[in-house]
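One-letter residues, chain by chain:
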Amino acid sequence: MRGFQRTPQSAPAPVLIGRFQGLQRHALVIQPSNAPLKVYQLARPFRQSQRRVCRALTVAQAKKDYDYDLVIIGCGVGGHGAALHAVECGMKTAVVEGHDIGGTCVNRGCVPSKALLAASGRVRELQNAMHMKALGIQVGSVTYERQPIADHATNLASTIQGNLKRSLETIGVDILIGAGKLVDNHTVKYSLPGRVDVGGTVTARNIIIATGSVPFVPPGIPIDGKTVFTSDHALKLEWVPNWIAIIGSGYIGLEFSDVYTALGSEVTFIEAMDSLMPGFDKEIAKMAQRLLINPRKIDYHTGVLATKVTPGVPGVKPVIVELTDFKTKKVVNELEVDAVLVATGRAPYTQGLNLPAINAEVDRRGFVPVSEKMEVLDKSGKPVTNVFCIGDANGKYMLAHAASAQGISAVENMCGRPHVLNHLSVPAACFTHPEVSFVGLTEEAAREQATKDGYSDKVAVVKTSFKANSKALAEKEGDGMAKMIYRKDTGEILGVHILGLHAADLIHEASNAVATKQRVQDIKFTVHAHPTLSEVLDELFKGAHVDSAPSKVAFAAQPAKTPVTV
Ligand SMILES: Cc1cc2nc3c(=O)[nH]c(=O)nc-3n(C[C@H](O)[C@H](O)[C@H](O)COP(=O)(O)OP(=O)(O)OC[C@H]3O[C@@H](n4cnc5c(N)ncnc54)[C@H](O)[C@@H]3O)c2cc1C
Ligand SMILES: NC(=O)c1ccc[n+]([C@@H]2O[C@H](COP(=O)([O-])OP(=O)(O)OC[C@H]3O[C@@H](n4cnc5c(N)ncnc54)[C@H](O)[C@@H]3O)[C@@H](O)[C@H]2O)c1
């Protein structure tokens, strides 16, 4: 190491400080902050006189204070996303997984539920003779087989789980099997009950907690897995009840109401709040009720809690559900149904983590408190050095892609490149038929925020209908709307909400615009192919009235023109 120049630890980006003798293209790089010294392979030979920022491939670790640069406890999509990014940043990485790679999303969430929605959605479409006839198609009687649909979901989950595992192994991430427990802020112990052959202790410069969540079941509701169950059981589609009560009309409730009604069930929603879909923009929820609830075999009780559920026996004894008024707390009704799906949210899974070892504890709802940089906060609210928490376990935004984005953000921060994820730019979607999607604030929240911050007169809303879109009409899918809430003085996008065909795919133009801080007055000059559903957003952008002039970006010079010979 003779002749190496030392650079301060606080340098903003990795800095090259010397090269190994005889290795023309290898050099020692000091990473800012707390990341370790590394040997990198350089894109170009290094000249001693130059100190350069290195953007090259990692070859090996130069200093070995710890077994790993990063150990991630939990390998759901959050842990997986963090591991991929860590390796890209040159970190020697291991994941500790106590149950199944891919976690909730791959095994008991996004993936199998989308498989069920895809199959049942086809059944619904093909059974809709009016819709088919409008396209000039006649279909005979359409039936389905439950088991192959269930198998499709199970097989897809197992394929994606395998893909995820291979993607980690290929890039050299060690997969340590066992439930991880913190010993201190650099040490993780892992073990599996009843398995003496599995387990150990590893040290790491940084640790990420990514232990996810499990279904939340309110008190008074015993889960028997047969007649009273959560999404964990429902995804196996072991039977299709004639009448199912769904407690909760959030994402899980809505998506399963779509699946069950397509497969022939009648659904009764039990929702604690005064209206269905309380977490969504009110206008969108109202239209969703018109498209996704009213025309289907669905009824609902709002403003009530399911306070007591007595399991039944399939085909023999009904399930009894006691309903209590949310406000008066008086029992108001009793239902008899074939089955009950409990979809009342998810609880963080932090059991056995031993947070006191790092002087931290969960908050009153059980989530691990974190800073905006995803650092775990200790009991006094200060960041615990080198320990981060991402995904459902911190409760900031319980979505798969949010978990993964938080993982990337945490890795950036541990590499000394300060990063804060803008959660208002994270899109969300509910994969019903048609889909619902959004990014940013609801109109209600945006107006409330504007009143608080003194710009309520500047908030504007623009709307458009799928009925004005040629592609949607070609598909005979004109039901739906999109709305954008924005600031008419600055052109800032505050929220975009879409209900309609492929809404989940369409939202990304808006979410990317929010993430990159594009203004409406600029985006309205972008061009959308015709005829496409993306023109729904184009309509929104063009329909908005902003007081500010477009920036120069929208009128940037074109590449030099080739002279035209006349
Ligand atoms: C039915 C359903 C459908 C969903 N659909 C969508 C969707 O379409 N889109 C979307 O964005 N989100 C969806 N979600 C939400 C999404 O699944 C979660 O937000 C996401 O899985 C969170 O990722 P995570 O990595 O934080 O946690 P998880 O996926 O829960 O993974 C945590 C992992 O940590 C492991 N673990 C826990 N404790 C330990 C320990 N001590 N040691 C070692 N390992 C441990 C667990 O075994 C698990 O594998 C859905 C959820 C459900 C239930
Ligand atoms: N497409 C997706 O992205 C997707 C799909 C499924 C799940 N998820 C994620 O999974 C998480 C869990 O979903 P979820 O639908 O269970 O939760 P949710 O928070 O979306 O909805 C729960 C609903 O249950 C109601 N509720 C709660 N307790 C009740 C009670 N005792 N009686 C009656 N109603 C009650 C709430 O008012 C709320 O409307 C969500 O945070 C979501 O982010 C996402």
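Residues numbered from 1 in each chain as written. Chains lettered and ligands numbered in written order. Predicted model: local features only at pLDDT ≥ 70, side-chain atom pairs only at ≥ 80, totals over all residues. Heavy atoms only, no water.

An unreviewed UniProt entry lists the protein chain under the name Dihydrolipoyl dehydrogenase, with Coccomyxa subellipsoidea given as the organism. Turning to the protein chain, the UniProt annotation filed under Cofactor (unreviewed entry) states: "FAD". On record in UniProt, under Sequence similarities (unreviewed entry), the comment for the protein chain is "Belongs to the class-I pyridine nucleotide-disulfide oxidoreductase family." (UniProt positions renumbered as here; feature names shortened; annotations may be inferred.)

Draft legend 1. Geometry of the UniProt feature "domain: Pyridine nucleotide-disulphide oxidoreductase dimerisation" (unreviewed entry) in the protein chain. Taking the numbering used here, the UniProt-annotated feature "domain: Pyridine nucleotide-disulphide oxidoreductase dimerisation" (unreviewed entry) corresponds to residues 426–539. Measuring from the first to the last C-alpha atom of residues 426–539 gives 22 Å, for a span that is 33% helix and 27% strand. (Helix = DSSP H or I, 4+ residues; strand = E, 2+ residues; numbered from the N terminus.)

Draft legend 2. View of the packing of aromatic side chains. The tally for this structure, following the rule as stated, stands at three aromatic pairs. Between Y251 and F280, the aromatic rings sit 5.6 Å apart at their centres with planes inclined by 45 degrees, giving tilted as the arrangement. Here the residue Y251 occupies a position in helix α7 (residues 251–262), and F280 occupies one in the loop between β14 (266–271) and α8 (282–293), the gap between them amounting to 29 residues. Given a relative accessible area of 28%, Y251 falls into the partly exposed group. Residue F280 is classed as buried on the basis of its relative accessible area of 8%. Taking the centre distance of 6.0 Å and the plane angle of 75 degrees together, the rings of F280 and F438 count as edge-to-face. Here F280 is found in the loop between β14 and α8, whereas its partner F438 is found in strand β24 (residues 435–440), with 158 residues between them in sequence. Clustering of aromatic rings is evident, with ring pairs tying together Y251, F280 and F438. (Phe/Tyr/Trp six-rings, centres within 6.5 Å; stacked < 30°, edge-to-face > 60°. Buried < 20%, exposed > 50% of the residue type's maximum accessible area, 1.4 Å probe, protein only.)

Draft legend 3. Broad picture of the nonpolar core. Of all hydrophobic cores here, the largest spans 48 residues; its most connected members are I208, V376 and V411. For V376, the contacting residues outside a window of four places in its chain are I209, I358, A360, V368, P369, V370, K382, P383, V384, V387, F388 and C389. Listed in part, the 47 residues of the second largest apolar core include F280, A288, L291 and M481. (Core = buried A, V, L, I, M, F, W, Y, C linked by side-chain atoms within 4.5 Å. Contact = heavy atoms within 4.5 Å.)

Draft legend 4. Representation of the sheet that holds strand β18 (residues 331–337) in the model. With respect to topology, three strands assemble into an open sheet ordered β16-β17-β18, the strand pairing being antiparallel. Sheet topology places β16 (304–310) and β18 at the edges, where each strand pairs with a single neighbour. Direction aside, the axes of adjacent strands within the sheet are offset by 25 degrees on average. Bridge count for strand β17 (residues 319–325) against β18 is six bridges, and the pairing is antiparallel. Opposite V321, over in β18, you have L335 as the bridge partner. (Pairing = 2+ DSSP bridges. Axes fitted to C-alpha atoms, helices over the stretch in contact; angles between N-to-C directions.)

Draft legend 5. Quick peek at the site of ligand 2. Around ligand 2, the structure places 25 residues, and the nearest of them are E255, E271, G345, M398 and A429. Relative to its free-state accessible area of 840 Å², ligand 2 is covered by the protein chains to the extent of 79%. Within the shell around ligand 2, the residues separate by chemical class into 16 nonpolar, five polar and four charged. (Near = heavy atom within 4 Å. Areas by Shrake-Rupley, 256 points an atom, 1.4 Å probe, with all protein chains shown as cover. Nonpolar A, V, L, I, M, F, W, Y, C, P; charged D, E, K, R; others polar.)

Draft legend 6. Just a nonpolar patch on the surface, in detail. Nonpolar side chains collect at one region of the surface, where L126, L135, I137 and V139 lie side by side and expose about 290 Å² of accessible area between them. Following the sequence through the fold, I137 ends up in the loop between α4 (129–134) and α5 (146–170). (Patch = residues over 30% accessible without salt bridge, like charges linked within 9 Å, V, L, I, M, F, W, Y side chains within 5 Å. Salt bridge = Lys/Arg side-chain N within 4 Å of Asp/Glu carboxyl O.)

Draft legend 7. Representation of the packing of helix α1 (residues 77–88) against α5 in the model. At a minimum axis distance of 10 Å, the contact between α1 and α5 shows a crossing angle of 25 degrees. Comparing their axes, α5 and α1 come out roughly parallel. Considering only the axes of α1 and α5, their crossing is left-handed. Only L164, S167 and L168 of α5 make contact with α1, whose side of the interface consists of H80, A83 and L84. Residues that form the contact of α1 with α5 fall into these classes: four nonpolar, two polar and no charged. (Parallel < 35°, antiparallel > 145°, perpendicular 65-115°, else oblique. Left-handed = near helix turned anticlockwise from the far one by under 90°.)

Draft legend 8. Inspection of the UniProt feature "domain: FAD/NAD(P)-binding" (unreviewed entry) in the protein chain at higher detail. Following the UniProt record, one finds the feature "domain: FAD/NAD(P)-binding" (unreviewed entry) at residues 68–407. With 30% helix and 30% strand, residues 68–407 has end C-alpha atoms that lie 17 Å from one another.

Draft legend 9. Quick peek at the environment of G220. Topologically, G220 is positioned in the loop between β11 (213–215) and β12 (228–229). A C-alpha to C-alpha distance of 6.5 Å links G220 and V309, two positions 89 residues apart in sequence.

Draft legend 10. Local environment of the side chain of S231. Looking at where S231 falls in the secondary structure, it is placed in helix α6 (residues 231–234). Beyond its immediate sequence surroundings of up to four residues, S231 is in contact with I252, F256, L341, V342 and R346.

Draft legend 11. Quick look at the side chain of E435. Here E435 lies in strand β24. Buried charge E435 goes without a salt bridge, the closest partner of opposite sign being K114 at 8.9 Å. With sequence-adjacent residues up to four places away left out, E435 is seen in contact with C430, I498, L499, G500, H502, A503, A504 and D505. (Lys, Arg positive; Asp, Glu negative; His and termini not counted.)

Draft legend 12. The arrangement of the layout of surface pockets in detail. The calculated volume of the second largest pocket comes to roughly 1,300 Å³. For the second largest pocket, the lining is made up of 36 residues, of which R124, R296, H433, P434 and E477 are closest to its centre. For the lining of the second largest pocket, the leading source of residues is helix α3 (residues 110–127), giving eight residues. Classifying every residue of the lining of the second largest pocket gives twelve nonpolar, eleven polar and 13 charged. (1 Å grid on protein atoms, 1.4 Å probe; cavity = no way out; pocket = protein on both sides within 12 Å on 5 of 7 lines; lining within 4 Å. Points joined across faces, edges and corners; volume = space filled by probe spheres on them.)

Draft legend 13. Fine view of the packing of α1 against helix α9 (residues 400–414). Packing of α1 against α9 brings their axes to within 7 Å, and their N-to-C directions diverge by 35 degrees. Here the hand of the crossing between α1 and α9 comes out right-handed. The segment α1 lies against α9, with V77, G78, G81, A82, H85 and A86 engaging A400, A403, S404, G407, I408, V411 and E412. Tallied by class, the residues present in the contact of α1 with α9 amount to seven nonpolar, five polar and one charged.

Draft legend 14. Layout of the site of ligand 1. In the vicinity of ligand 1, 38 residues are found, and the nearest of them are E97, T104, K114, G180 and A400. Residue D100 places a main-chain N or O atom 3.3 Å away from an oxygen atom belonging to ligand 1. Measuring from an oxygen atom of ligand 1, one finds a side-chain N or O atom of H401 at 3.3 Å. When ligand 1 is considered free in solution it has 1,000 Å² of accessible area, and contact with the protein chains removes 93% of it. For the shell around ligand 1, the elements supplying multiple residues, two or more each, are α1, β6 (93–97), α2 (103–108), α3, β8 (179–184) and α9. For the shell around ligand 1, the element with the most residues is α2, which contributes four residues. Residue composition of the shell around ligand 1, by class: 15 nonpolar, 17 polar and six charged. (Polar contact = N/O pair within 3.5 Å; in protein donor to acceptor, adjacent residues only side chain to side chain.)

Draft legend 15. Up close: α1. For α1, spanning twelve residues, the distance from its first C-alpha to its last is 17 Å, which sits close to the expected 16 Å at 1.5 Å a residue. Among all positions in α1, only G78, G79, H80, G81, A82, A83, H85 and A86 are buried. On its buried face, α1 sits against β5 (68–73), β6, α5, β10 (195–209) and α9. Once α1 finishes, G90 follows within two positions and takes phi at roughly 85 degrees, a positive value. (Expected span 1.5 Å × (residues − 1).)

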